[in-house]
Amino acid sequence: MPQHKSIVLELKERTRKLHRKDGDNEQDQWTLQENRNAFSRILFRPRILIDVSKIDMTTTVLGFKISMPIMLAPTAMQKMAHPEGEYATARAASAAGTIMTLSSWATSSVEEVASTGPGIRFFQLYVYKDRNVVAQLVRRAERAGFKAIALTVDTPRLGRREADIKNRFTLPPFLTLKNFEGLDLGKMDKADDSGLASYVAGQIDRTLSWKDVKWLQTITKLPILVKGVITAEDTRIAIEAGAAGIIVSNHGARQLDYVPATIMALEEVVKAAQGRVPVFLDGGVRRGTDVFKALALGASGIFIGRPVVFSLAAEGEAGVRKVLSMLREEFELTMALSGCRSLKEITRDHITTDWDAPRPVPRL
């Protein structure tokens, strides 16, 4: 190898090491791609000659009736996407007759979102080192009429988000994390790498454990969904700890790279839950066909994140309404063409996957 090429390679390697911290996971974004690609490996087994003149997509989540099994996942800092941010998203979700989940790190407070009008809303919770902050936030969500807590359990530390590091991501000075504004926790300082990573390192409790799920039940009567479960073992523990439901999530593939796509982890979690609590899917859903596949694998419903933020950035409230309408129409068509008139008619037999055993040929 020519000497100058050897020197260049050595410099590149040194630079790479300088930009990595011990113990950090440099991400290849394999899981991000897999969250989408995995859906393409699940195929339909439609049933024909069934009267599908009437399709019922309604369902019940934690006792609340919604128009379709498509709900809105928590996505932070929505006013970075559009000036109306979470206000617009809340109105769009309410108009669609479905559930919005508000992020702890929203740029609109629980009270502000509640002020947009009626709607079924859940509150996503990060557990801070100061438990008084957590208790205060949960009480505020209760008073504002939120119906459940979605406890994020996969973020004792923030995953290595290299785009954030490269861009030195931080919250713009004209925005704050509104739920923490009065607690001197609403601002995010600039950092040499990611302002969000620095914020999380300073505030989020790395000691979070299953005992805290039980503690949370002592300070609220709201049902608790555990968000971030991808294994059977943790499913069983979550149920024993009193979880009212499970959200199968890999945090939009931004935490630990090389974990399975959520649609690949779903069936394992569903089987472990044994019907004791509902299981929901979060991650990778972009089409109504994806929704059908998740329900066929046992999900009680799905949550969408990126489609909401992208549509919000494009057209505000109208954009979010449009993406929910598109998914609804695609899902309804998939049900009709698969021979399903209601959600309870969607079964495992309506799909085939590359991990299924060969099917015996039925005798005539």
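Residues numbered from 1 in each chain as written. Predicted model: local features only at pLDDT ≥ 70, side-chain atom pairs only at ≥ 80, totals over all residues. Heavy atoms only, no water.

Draft legend 1. A look at the packing of aromatic side chains. One pass over the structure, following the stated rule, counts six aromatic pairs. With a centroid separation of 4.0 Å and 20° between ring planes, the pair formed by Trp105 and Tyr126 is classed as stacked. Placement of Trp105 in the loop between strand 5 (100-102) and helix 4 (110-114) and of Tyr126 in the loop between strand 6 (121-125) and helix 5 (131-143) is noted, with a sequence separation of 21 residues between them. Judged by relative accessible area, Tyr126 falls into the buried class, the value being 7%. (Phe/Tyr/Trp six-rings, centres within 6.5 Å; stacked < 30°, edge-to-face > 60°. Helix = DSSP H or I, 4+ residues; strand = E, 2+ residues; numbered from the N terminus. Buried < 20%, exposed > 50% of the residue type's maximum accessible area, 1.4 Å probe, protein only.)

Draft legend 2. Region of the structure containing the environment of Thr58. Tracing the backbone through its elements, the reader meets Thr58 in the loop between strand 1 (42-44) and strand 2 (59-61). In this structure Thr58 comes out as partly exposed when scored by relative accessible area, which is 32%. Spatially, the C-alpha atom of Thr58 lies 7.7 Å from that of Leu343, the residues being 285 residues apart in sequence. When sequence neighbours within four positions are dropped, the list of residues in contact with Thr58 reads Lys65, Ile66, Ser67, Met68 and Leu343. Of the polar contacts made by the side chain of Thr58, one reaches the side chain of Asp56; its length is 2.7 Å. (Contact = heavy atoms within 4.5 Å. Polar contact = N/O pair within 3.5 Å; in protein donor to acceptor, adjacent residues only side chain to side chain.)

Draft legend 3. Representation of empty space enclosed by the protein in the model. As enumerated under the stated definition, the model contains one cavity of 30 Å³ or more in all. Roughly 40 Å³ of volume is contained in the largest cavity. Looking at the lining of the largest cavity, its residues break down into five nonpolar, two polar and one charged. (1 Å grid on protein atoms, 1.4 Å probe; cavity = no way out; pocket = protein on both sides within 12 Å on 5 of 7 lines; lining within 4 Å. Points joined across faces, edges and corners; volume = space filled by probe spheres on them. Nonpolar A, V, L, I, M, F, W, Y, C, P; charged D, E, K, R; others polar.)

Draft legend 4. Local environment of the pairing of strand 9 (residues 245-248). Across the two faces of strand 9 the burial is the same, with Gly245 and Ile247 and Ile246 and Val248 all buried. Summarising the sheet, strand 8 (residues 224-229) and strand 9 pair through four bridges and their orientation is parallel. Residue pairing for strand 9: Val226 is matched across the bridge by Ile246. Note that the unit made of strand 8, helix 9 (residues 232-240) and strand 9 has a crossover that is right-handed. Sheet topology note: the strand 9/strand 10 (residues 279-282) ladder contains three bridges and is parallel. (Pairing = 2+ DSSP bridges. Right-handed = clockwise from strand over helix to strand, strands pointing away.)

Draft legend 5. Molecular detail of the environment of Ile263. When you line up the elements, Ile263 lands in helix 10 (residues 262-273). Here Ile263 falls in the buried class, since its relative accessible area comes to 0%. C-alpha separation for the pair Ile263 and Gly283, spaced 20 residues apart in sequence, amounts to 7.8 Å. Filtering out sequence-adjacent residues up to four positions away, Ile263 remains in contact with Ala38, Phe39, Ile42, Leu281, Lys293, Ala294 and Leu297.

Draft legend 6. Local environment of the confidence of the model for the chain. Per-residue confidence for the chain averages 88 on the pLDDT scale, and 84% of its residues sit at or above 70. Note on residues 7-12: pLDDT under 50 across the span, and one contact to partners over four residues away in sequence or across chains. (pLDDT = per-residue confidence, 0-100.)

Draft legend 7. Here's a closer look at the nonpolar core. Core analysis: the biggest nonpolar cluster contains 80 residues, and Ile263 and Phe331 have the highest contact counts within it. Among the elements that line this core, the one with the most residues is helix 12 (residues 306-338), at eight residues. Not counting residues within four places of it along the chain, the set of residues in contact with Phe331 comprises Met57, Pro69, Ile70, Gly288, Val291, Phe292, Leu295, Leu343 and Ile346. One finds Val61, Phe122, Leu225 and Ile247 within the second-largest nonpolar core, a separate group that totals 12 residues. (Core = buried A, V, L, I, M, F, W, Y, C linked by side-chain atoms within 4.5 Å.)

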